[in-house]
Amino acid sequence: MAEVKEQRSRRAGRQRLGAGVMGLALALMSCSQNTPQTQLAQDDPYAGGKSYPWSDRLEAVAGDPYADGKTYPWTGARAAAPGLTALAQGSNDNFLSDLTWTSATNAWGPIEKDRSNGDKLEGDGLPLTIGGQVFAKGLGVHAAAEVSYALGGMCNVFTAQVGLDDEVGDKGTVVFQVWNGTTSKLYDSGTVRGIDAAKPVSVNIAGVQNLRLVVTNNGDGISFDHADWGGAKVSCPTRQPSGENQLSDLPWTGATNTWGPVERDQSNGEKLAGDGKTLTMNGVTFAKGLGVHASSTITYGLAARCNVFSAQVGVDDEVGSNGSVVFQVYGDGVKLYETPIRRGTDPALPISVPVSGVNELRLVVTDGANGVSSDHADWADAKVSCTDDTTPPVTPAALSAAPALDGITLDWADNTEPDLAGYRVYRSPSANGPFSLLTPQLLTTSVYSDPAPEGVRSYYQVVSVDAAGNMSLPASANATRPSGGGSPVLSVENLDGVPFFDRLVFSRIGSLTAPPSNGVHDRVTLRLKNTGSSMLRVSDLPISGPWVLDPAPTLPNDLAPGGFLDVRLRFVAEATKYQAGTLTVASNDASKPAYAVQLAGLWQSVSEGGQEPNVFQLRDAFGYTLSLLGGEPTLDQKGLVRAQGDEVLSGYWQRADETQPVTVRQLAAYHTQGNTGTLYWHDKRDATVKTILVHAGVDAQTVLPRQNGSLAPSNTTFAPPAGTTFGFRIDGEWSDPRKNSQTADRNNGCLRPCGQHLRFWPVKDRAGVPLPNTYFVIMDYAGINYDYNDNLYLISNLKPAPMLLNVGGATFTDPLTGNVWQSDKDPNGDAPYTPTTAINEGSASSTYDIAGTDNDLLYRTYRGNVGTSTPQESRQISFNIPINNGTYLVKLHFADLAWTVPGKRIFDVSAEGVLRVPNLDIVAQSGGGKTALVVPIDNVQVTDGKLTLDLKASVDFPAISGIEIVR
């Protein structure tokens, strides 16, 4: 249908319709030289029943609905606000093209806002035009089409002008319908044709919850059915609040929501209108209220007629124990109240907020510092108390505050107003507030006992409240509850879990105003806990460096014994790759009155583009002190299998404590944005991998990426069966270099052996103390740049497995022990022995018994013959096995398959240049031919990155069947 766009036809002046490159319908009319069949085949976009169906918000929710940051933002219709000027609020007319539909379908590409349907791509329409009349606002659709809006019963009139758009000339026939949901048709236009002028529509929609606009094809197919809802809008009148008003019964003046519409008297549910459940928090149900999803904002016009807003707030039970949110109440742009973070495990929190004199009430729900996943929030029993009586009662008189060991007692004189309803009491740790309500239910007596914090001054305000909800000015008093013994103790907890309890790590990309769409870890929550026996007062939280508190908590903040305060920090750097700073926690803990928490941030100007942090900056950000290089200039060895710094060379691992699982936390991902990264493990006996962890593709350029699907932190455990030796794989790269493709390494200059794409370093903390059995694991995709920052992990409860080499034979698994003995020549042709011409002897397929062992297969092959022409003094075979420096027990395995009497084969064995076994005669020491002999050599000191063994014969040739390096 691209031809439709070439020129706009107008009904007045149809003589122009055949000129030039015209709209599709006109091309069909003007090309008379072709037969109708030929012309349809060439120009009719509907030939063969073709269409381009489109829908929005109708797909089923499966798996993790928040995968890759998905949301369903929604903006609702608004009513005019009582008490506000038209300039401030605007008309009560809502153009549907400015609102968010709750579902939509269309037969030919997307529904267009403020333009005609056009062709099948989004945004390819023209100005809405019916019979030459142009409409600046409206919807352009193509039959069959439906679009629905959640009105919540707050609007009374729908108006529009409908017809076929001029872009199809005089073609097309449709029927316009207006429905209340799916059950009640409110309007039917009858057949509308391309030659018709715009048809005005005005429909009473009072009480309609779901407005559904439908365009059908009139039963004659969908060809050219480009239909316009010109100037489509709903009018939503105001309602003056009076008495006690449930907000779910009032029209709001504006509403936005992150996951479908705000719901009235039910939970948020899914993305469609009316799909929630009964409002429920911690098993308690509520008949009235508002169900939202963070981030959400709802505003109401109060016209300064109301006194108190009250509700019970929390995370709805429909998300189980998930979700964390903060509720905020604003009056005329000023924050009046904010809850602490509310979680899915918390009961409903009753709140009561004075709103006297407030014109605009704004209810806000933000996420709880960990993204919007599962943040289904309830404003249950949300209501305002309003009246025409605005005269406040008298301020309570003679207020006193008497401290005692068990608390502070407030006393004041009784008020005498006949319409007095009671009193409210507020407390703050500061004379300047903010004050927290202590008495959600009105007091009917003029005395109140407060179990106030010990050892700190408490400031009080008491107000009187009349039957109309008016509140007096406050009476004030203060006192200090004496300490009952004990002392406060501050402890801190990094809710990320890594790297340390008092070190937080962040990352972000680009500017604050226009960052890329990447997932980043720019927010971290620190939990402040009182583990002492008296009240802890957190008085200040100063920050050095590019961080802010988001949101800023109320200070000072008193924590009872066992209490905690969650503080979220946001990294706001816009320059300098590595940033360091501190958050100082000022408190009345005498042992640490100014406790410094370390902050580290990594900033990059763009995603990828050579701007990623390198592995050294990542190590430093996490505060680990391991040596990556050991004095060498670079990690880039082109995949050479050789240890650097503290590195441990091991292709295979075992659990250090087999009663505990292996724990894994992904520290960083810096590879192609949008790609996931998967960590696997596999039994050494086969290559069948099992998934450990997959990070989200949106988090491919950040520290501490989230799990794919759930967006939870990328940490987990796994537990191979006891006794299992296992290896790792990250995407296509294995921990065993033998299994990796080495072509790219060699092409880049690797000196061999190659394939070292996963690397392991034992972790040391900030003081250089090793963390037991914990490794810093880094990797690089083969042949790209060898920067080893593509995926980084912290893996605990590991120990390197023994290295087992079957000398002269193929890789095999001992059926009795399950141990895998690898061939001394790998699949890439690399071998650790010289001369490389030393032949393998014996046969793995032989059936004779090897005495002294159950592992006959190991001893049926051997190596040592360096050629019969070699002089006796030169008959030596040497092994240089890559391994990290250290002290090892080396076990050498022998069996003489050629001789049965002593004296026929004699050789010396040296380790690291030191003679350790002189004049070894296998037959003499084992007791006969074809008999296994194991010779242990302990305390072998490796200092040059490889274990060197030399076997030099004085009679015949040396012969060795296996090498075992115990770690």
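Below or above, wherever it landed, is the structure these notes cover. Fair warning: this is a prediction, and the values are worked out from it, not measured in the lab. (Residues numbered from 1 in each chain as written. Predicted model: local features only at pLDDT ≥ 70, side-chain atom pairs only at ≥ 80, totals over all residues. Heavy atoms only, no water.)

Our next topic: the overall build of the chain. Looking only at helices and strands, one finds 7 helices and 71 strands in the chain. Expected size for 967 residues packed as a compact globule is a radius of gyration near 30 Å; at 39 Å, the chain overshoots this value by more than 25%. For the chain, the spread of C-alpha atoms along the principal axes amounts to about 115 × 105 × 45 Å. Of all 967 residues assigned to the chain, the portion counted as buried reaches 53%. Within the chain, contacts between residues separated by at least 24 positions form 71% of all contacts whose residues are at least 6 apart in sequence. (Helix = DSSP H or I, 4+ residues; strand = E, 2+ residues; numbered from the N terminus. Rg over C-alpha atoms; globule rule 2.2 N^0.38 Å. Buried < 20%, exposed > 50% of the residue type's maximum accessible area, 1.4 Å probe, protein only. Contact = heavy atoms within 4.5 Å.)

Tracing the backbone through its elements, the reader meets Ile692 in strand β50 (residues 689-695). Owing to a relative accessible area of 11%, Ile692 belongs among the buried residues under this scheme. Once the C-alpha coordinates of Ile692 and Lys825 are considered, the two residues, 133 residues apart in sequence, prove to be 30 Å apart. Contact partners of Ile692, with chain neighbours within four places excluded, come to Val664, Leu679, Tyr680, Trp681, Thr716, Phe718 and Phe728.

Right, let's talk about the pairing of strand β11 (residues 173-180) for a bit. Burial analysis of β11 places 7 of its 8 residues in the buried class, which makes it a mostly covered element. Relative to strand β12 (residues 184-193), β11 is paired through 7 bridges, and the arrangement is antiparallel. Bridge assignment links Val174 to a residue of β12, and that residue is Val192. Hairpin geometry of β11 and β12 is characterised by an intervening segment of 3 residues between the two adjacent antiparallel strands and by a positive phi of about 65 degrees at Gly181. Here β11 runs beside strand β14 (residues 210-216); their pairing, made up of 6 bridges, is antiparallel. Bridge pairing in β14 places Gln177 opposite Val214. (Pairing = 2+ DSSP bridges.)

Core analysis: the largest hydrophobic core is formed by 67 residues, its most contacted members being Leu96, Phe158, Leu211, Trp229, Leu247, Phe309 and Trp379. Formed by 33 residues, the second largest nonpolar core is a distinct cluster that contains Val866, Tyr888, Leu892 and Ala953. (Core = buried A, V, L, I, M, F, W, Y, C linked by side-chain atoms within 4.5 Å.)

Okay, the side chain of Asn106 next. Relative to the helices and strands, Asn106 is located in strand β4 (residues 103-106). Only 2.9 Å separates the side chain of Asn106 from the backbone oxygen of Gly109, close enough to count as a polar contact. Within the structure, the side chain of Asn106 is placed 2.8 Å from the backbone nitrogen of His142, a separation counted as a polar contact. (Polar contact = N/O pair within 3.5 Å; in protein donor to acceptor, adjacent residues only side chain to side chain.)

Following the criterion strictly, the structure yields 3 disulfides and no others. What pairs with Cys155 in a disulfide is Cys236, and their sulfur atoms sit 1.9 Å apart. On the sign convention where negative means left-handed, the S-S torsion of about 70 degrees between Cys155 and Cys236 marks this disulfide as right-handed. Note that Cys155 is positioned in the loop between β9 (145-150) and β10 (157-164) and Cys236 in the loop between β15 (226-235) and β16 (243-246), a separation of 81 residues in sequence. Classification of Cys236 by relative accessible area gives buried; the value is 0%. A disulfide bridge connects Cys750 with Cys754, and the sulfur atoms are separated by 2.1 Å. Classification of the bridge connecting Cys750 and Cys754 rests on its S-S torsion, roughly -110 degrees, and on that basis the disulfide is left-handed. In the chain, the cysteines engaged in disulfides, taken in order along the sequence, are linked 1-2, 3-4, 5-6. (Disulfide = S-S within 2.5 Å.)

Another aspect to go through is the pairing of strand β34 (residues 447-450). Alternating residues of β34 divide into Tyr448 and Asp450, all buried, and Val447 and Ser449, none buried. Alignment of strand β31 (residues 407-411) against β34, held across 4 bridges, turns out to be antiparallel. Within β34, the position partnered with Asp411 by the bridge is Val447.

Let us look at the sheet that holds strand β44 (residues 564-571). In space, the 4 strands of this open sheet follow the order β37-β39-β44-β42, with antiparallel pairing throughout. The sheet terminates laterally at β37 (490-494) and β42 (547-549), the two strands that pair on one side only. Strand-to-strand twist across the sheet, computed as the mean angle between neighbouring axes with direction ignored, equals 30 degrees. As paired strands, strand β39 (residues 523-530) and β44 are joined by 7 bridges and run antiparallel to one another. The residue bridging Arg523 from the neighbouring strand is Arg570, located in β44. (Axes fitted to C-alpha atoms, helices over the stretch in contact; angles between N-to-C directions.)

Bringing helix α4 (residues 615-622) into the picture now. Residues Val615, Leu618, Arg619, Ala621 and Phe622 constitute the buried set of α4. Buried residues of α4 fall within an arc of 165 degrees about the axis and therefore sit on the same side. One side-chain oxygen of the residue at the start of α4 lies 3.0 Å from the amide nitrogen of Phe616, identifying that residue as Asn614. One or two steps after α4, the chain reaches Gly623, where phi turns positive at roughly 80 degrees. (Arc of directions from axis to C-beta.)

Right, let's talk about the sheet that holds strand β62 (residues 833-834) for a bit. In any sheet, the strands associate via hydrogen bonds between backbone groups, in a parallel or an antiparallel arrangement. Spatially, 5 strands are ordered β62-β65-β70-β67-β68 in an open sheet, and the strand pairing comes out antiparallel. Looking along the sheet, the strands with just one partner apiece sit at the ends: β62 and β68 (914-920). Examined bridge by bridge, strand β67 (residues 906-911) and strand β70 (residues 946-955) share 6 bridges and lie antiparallel to one another. For Asp908, the partnering residue across the bridge sits in β70 and is Lys952.

Turning our eyes to something else, we now look at the packing of aromatic side chains. The relative placement of two aromatic rings is captured by the distance of their centres and the angle of their planes. Following the criterion strictly, the structure yields 21 aromatic pairs and no others. Judged by centre distance (5.1 Å) and plane angle (35 degrees), the ring pair of Trp547 and Phe571 falls under tilted. Residue Trp547 is found in strand β42, and its partner Phe571 is found in strand β44; the two are separated by 24 residues along the sequence. Note on accessibility: Trp547 and Phe571 belong to one class, buried. Ring centres of Phe622 and Tyr624 lie 6.3 Å apart, and the angle between their planes is 10 degrees; on these two criteria the pair is classed as stacked. With respect to burial, Phe622 and Tyr624 carry one shared label: buried. Three or more aromatic residues joined by ring pairs make a cluster, and in this case those are Trp653, Trp681, Phe718, Phe726, Phe728, Phe760 and Tyr775. Its guanidinium or amino end placed over the ring of Phe957, Arg875 lies 4.0 Å from that ring's centre, counting from NZ or CZ. (Phe/Tyr/Trp six-rings, centres within 6.5 Å; stacked < 30°, edge-to-face > 60°. Lys NZ or Arg CZ within 6 Å of the ring centre and 35° of its normal.)

Inspection of every chain in the model, using the stated rule, returns 36 salt bridges. The closest approach of N and O atoms between Lys137 and Asp114, which form a salt bridge, is 3.1 Å. Highlighted residues: Lys137 in the loop between β7 (133-135) and β8 (138-142) and Asp114 in the loop between β5 (112-113) and β6 (128-130), separated in sequence by 23 residues. Linked through salt bridges whose partners overlap, the residues forming this network are Asp367, Asp522, Arg523, Asp550 and Arg568. (Salt bridge = Lys/Arg side-chain N within 4 Å of Asp/Glu carboxyl O.)

Further remarks concern the environment of Asn322. Mapping Asn322 onto the fold places it in the loop between β23 (306-315) and β24 (324-331). Relative accessible area serves as the criterion here: at 43%, Asn322 is assigned to the partly exposed category. Sequence separation between Asn322 and Thr345 is 23 residues; the distance between their C-alpha atoms is 7.6 Å. Not counting chain neighbours up to four residues away, the residues in contact with Asn322 comprise Val315, Gly344 and Ser374.

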